[in-house]
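Residues per chain, in single letters:
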Amino acid sequence: MYYAFTRIILLVTELESKVRHDLHLESLRLLKDNEREYKFTIELSPVGIVNMNMKGIVTSVNAALLEGTGYTEHEIVGKHFTKLKFFRAQDIPKFLKLYGLILGGRTPKKFQYAFIHRDGTLHQCEAFVSLLEAGGKRAGIQAMCIDTTVIRQAEQNMREMLAKQKLLNEKLNVISQLTRHNIRNKLSAITGNIYLGKKQLAAGHKALEYIDKIESSCSQIVRILNFAGVYEMLGVEEAAHADVERTLEEAVSLFPDLKGMRIVNRCKGLVVLADSLLRLVFYHLIDNTIKYGRNVSQIVVYYEEADADKLRLVYKDNGCGIPPGEKSELFSKGYVKGSGFGLYLVKEIMKVYGWTIKETGKSRQGARFTITIPKANRKGRINYRLLGSENTELGVLQELEGQQLTHPTRRLSPSSNASSQHSAKGKCSD
Amino acid sequence: MNESILVVDDDYEIRETLSAVLLSESYIVETAKNGKEALKASETAYFDVALIDMELPDINGIEILRRLKEKQPRMVMIIITGFASLENAVKAVNEGAHGYVLKPFNVAELLKMLRKRLDEKAAEYFQFRTEIEKNTVFSEQFKKPKGSIFTH
């Protein structure tokens, strides 16, 4: 009995010893594997890595660091970091300070410095230094360095290119604006002299026919200039929340004579994300109505929510409308009527806003332009808001967007009615 | 009496042309090539209308408008501007301009606007004078000794 018991104990002890031995071997194998993997990772890392002991002597470096600095392992390993040739003398005090921080148990932040490549070129670098620990003890210091010279250079090139581009754009703007301004002045002199010349000629004089042609050419030049001026502004101005009711009122105020038309503005409470060209959209629509609407007595502008994520802004008049055959060409450059720029510009402005415009009227029942505004723009900003009570939500909106609502006009105060109306004899007429 | 007009524009040809056109319509015309000259002219003469270019070399068009308004509040002010400066035209109207014309201007429309504004101004003045006269008559009657009312 005693013998059997002793034997069992011996067997268990032997087994335990074997298990312990195997476990130890397994641990060693795992450790070696980890070490190999670690070294492998470090060696293949694209980031330059330097390991040092606590005295600051370099113990190992990886291939990326050797390649980045141009020095050999022999020239780096075994040396104190302050003696490394690629460091600039003026940076050593900074490195010693960082070394001191690490010895004091602190981890310094990522920092930038310059180093000298073996070929003499100056490189920019970003580095991170940390303490290495093993078994709860300080085992050394590791520095990881990324050569940022190419990135920095690319950034610098990009900055220079953008600055050059900005300068060129500014020059181009100044030149084009100045040119347009001067042409306008000269055209004013021409039209003034045409007027004086016509006054000197008797009615029916043959020369009047030629003068009229000169006048017509001048008008064409003006249209081209106007188009160029607006086209230049497309997408340049930062969009802000604009009060549609006021913007329409401002557009109306730009017409010296509305030819007896009544404008019914039912846009109260609608605020959209747009620039000052929105005024021009209304301007061109009204201009088209005046010029080609034939016997228009009323223009109505209103909005309606198409569905949860769309809004329709509708402009309609009670003129002759657009013939079906002309609808497809209506927004094209060079549309048969007028200069062919107005509605083309409107469409281009819509494109910039991410809105769409369609002519949805019936011929002989008036023109009807439907502008569809999606709830959010391409950048995810809210395109439109419907404000409830008078101005109570405006402040909230400004705070939300951190912007000012565009209120460029003080004279045209908002109407107290749901819709404000203008006529040739009203406040907007000149 | 013929109405007087001050033309303010830095472009010589525009000044000359506008002068010729306005003179042909029997207006009295004076020209200024910049804001400084315009303000100086307004110190020595009264003008019914000022035609002001928005883009003057020395003083901003809106600023001139303000200063001229201070000197001669009854003056009709019309802004001359390019199409690209519509924003400024709206600002100018808010600042008290009575209208604006786009360059290159249609002379017939400009003259029409001028006439309209001058007639409106004259009508306003006439109304103002009538009211003043009415008030004067009333206040003179009111000033009569009470006794004289009861003597009859």
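Just so it is clear, the structure is predicted and the values come from calculations on it, not from any experiment. (Residues numbered from 1 in each chain as written. Chains lettered and ligands numbered in written order. Predicted model: local features only at pLDDT ≥ 70, side-chain atom pairs only at ≥ 80, totals over all residues. Heavy atoms only, no water.)

## Thoughts on the overall build of chain A
Inference 1: Each helix and strand counted, chain A has 10 helices and 14 strands in total.
Inference 2: Here chain A holds 430 residues, and 38% of them are scored as buried.
Inference 3: A fraction of 60% describes how many contacts in chain A between residues 6 or more apart in sequence connect residues 24 or more apart.
Inference 4: For chain A, the accessible surface area stands at approximately 25100 Å², while carbon and sulfur atoms represent 58% of it. (Helix = DSSP H or I, 4+ residues; strand = E, 2+ residues; numbered from the N terminus. Buried < 20%, exposed > 50% of the residue type's maximum accessible area, 1.4 Å probe, protein only. Contact = heavy atoms within 4.5 Å. Areas by Shrake-Rupley, 256 points an atom, 1.4 Å probe, with all protein chains shown as cover.)

## What to know about the packing of aromatic side chains
All names here are of chain A.
Inference 1: Counting across every chain of the model gives 12 aromatic pairs over all chains.
Inference 2: Aromatic pair Tyr71 and Phe86: ring centres 5.9 Å apart, planes at 50°, arrangement tilted. Taken together, the residues span a long stretch of sequence, with Tyr71 in the loop between helix H2 (63-69) and helix H3 (73-76) and Phe86 in the loop between H3 and helix H4 (92-103) at a distance of 15 residues. Comparing Tyr71 with Phe86, the two get one shared label, buried. (Phe/Tyr/Trp six-rings, centres within 6.5 Å; stacked < 30°, edge-to-face > 60°.)

## Quick notes on the sheet that holds strand E2 (residues 28-32) of chain B
Across a sheet, strands are paired by hydrogen bonds formed along the backbone, either parallel or antiparallel in direction.
Residue and element names in this part refer to chain B.
Inference 1: Strand order across the open sheet formed by five strands is E2-E1-E3-E4-E5, with parallel pairing between neighbours. Two strands lie at the open edges of the sheet, namely E2 and strand E5 (99-102), each paired on one side alone. Strand after strand, the sheet turns through a mean of 20° between neighbouring axes, direction not considered.
Inference 2: Where strand E1 (residues 4-8) and strand E3 (residues 49-53) come together, four bridges link them in parallel fashion. The partner of Val7 across the bridge, within E3, is Leu51.
Inference 3: Along the sheet, helix H1 (residues 12-24) contacts E1, E2, E3 and strand E4 (76-81); its crossing angle with E2, the most-contacted strand, is approximately 170°.
Inference 4: Packing against the sheet, helix H3 (residues 61-71) makes contact with E3 and E4, and its axis sits at approximately 160° to E3. (Pairing = 2+ DSSP bridges. Axes fitted to C-alpha atoms, helices over the stretch in contact; angles between N-to-C directions.)

## Observations concerning the state of the cysteines
Two cysteines joined by a covalent bond between their sulfur atoms form a disulfide.
All names here are of chain A.
Inference 1: A full pass over the atoms with the stated rule returns zero disulfides over all chains.
Inference 2: Sulfur of Cys145: no disulfide; nearest cysteine sulfur belongs to Cys125 and is 4.7 Å away.
Inference 3: With a relative accessible area of 12%, Cys145 lands in the buried category. (Disulfide = S-S within 2.5 Å.)

## A word on the nonpolar core
Inference 1: Core analysis: the largest hydrophobic core is formed by 73 residues, its most contacted members being A:Val272, A:Ile286, A:Leu313, A:Trp355, A:Phe369 and B:Ile52.
Inference 2: Per-element tally for this core: the top contributor is helix H8 (residues 277-292) of chain A, with eight residues.
Inference 3: Core analysis: the next-biggest nonpolar cluster, separate from the first, contains 26 residues, A:Phe95, A:Ile102, A:Tyr113 and A:Ala143 among them. (Core = buried A, V, L, I, M, F, W, Y, C linked by side-chain atoms within 4.5 Å.)

## Some points on the interface of chain B and chain A
Inference 1: Contacts between the two partners involve 31 residues from chain B and, on the opposite side, 30 residues from chain A.
Inference 2: Both sides together, the interface formed by chain B and chain A hides about 2700 Å², and carbon and sulfur atoms give 56% of it.
Inference 3: For the pair chain B and chain A, the number of links is three salt bridges.
Inference 4: As a salt-bridge pair, B:Glu13 and A:Lys186 come within 2.9 Å of each other at their nearest N and O atoms.
Inference 5: The interface formed by chain B and chain A includes 10 residue pairs in polar contact (both at pLDDT 80 or more).
Inference 6: Secondary structure elements with two or more residues in the side of chain B that touches chain A: H1, helix H4 (86-94), E5 and helix H5 (107-143) of chain B.
Inference 7: Element by element, the count of residues in the side of chain B that touches chain A is highest for H5(B), at seven residues. (Buried area = accessible area lost by both parts, 1.4 Å probe. Salt bridge = Lys/Arg side-chain N within 4 Å of Asp/Glu carboxyl O. Polar contact = N/O pair within 3.5 Å; in protein donor to acceptor, adjacent residues only side chain to side chain.)

## Side note on a nonpolar patch on the surface
Inference 1: A cluster of nonpolar side chains, A:Leu15, A:Val19 and A:Leu23, forms an exposed patch at the surface whose accessible area comes to about 290 Å².
Inference 2: Take A:Leu23: it is sitting in helix H1 (residues 2-44). (Patch = residues over 30% accessible without salt bridge, like charges linked within 9 Å, V, L, I, M, F, W, Y side chains within 5 Å.)

## Considering the packing of H8(A) against helix H9 (residues 342-353) of chain A
All names here are of chain A.
Inference 1: Between H8 and H9, the shortest axis-to-axis distance is 9 Å and the interhelical angle comes to 150°. In terms of axis orientation, H8 runs roughly antiparallel to H9. Helix-helix and strand crossings are classified by hand; for H8 and H9 the assignment is left-handed. Two secondary-structure elements touch here, H8 through Leu277, Leu278, Val281, His284, Leu285 and Asn288 and H9 through Gly342, Leu343, Leu345, Val346, Ile349, Met350 and Tyr353.
Inference 2: Counted by class, the contact of H8 with H9 contains 10 nonpolar, three polar and no charged residues. (Parallel < 35°, antiparallel > 145°, perpendicular 65-115°, else oblique. Left-handed = near helix turned anticlockwise from the far one by under 90°. Nonpolar A, V, L, I, M, F, W, Y, C, P; charged D, E, K, R; others polar.)

## Quick notes on the pattern of salt bridges
Once their charged atoms are close, side chains differing in charge can pair, the charge on each being opposite to the other.
Inference 1: Counted under the stated rule, the structure contains 30 salt bridges over all chains.
Inference 2: For A:Asp91, the salt bridge goes to A:Arg88, with nearest N and O atoms at 3.2 Å.
Inference 3: In this structure A:Asp91 comes out as buried when scored by relative accessible area, which is 7%.
Inference 4: A cluster of three or more residues bridged by salt bridges with shared partners is formed by B:Glu63, B:Arg66, B:Arg67 and B:Glu95.

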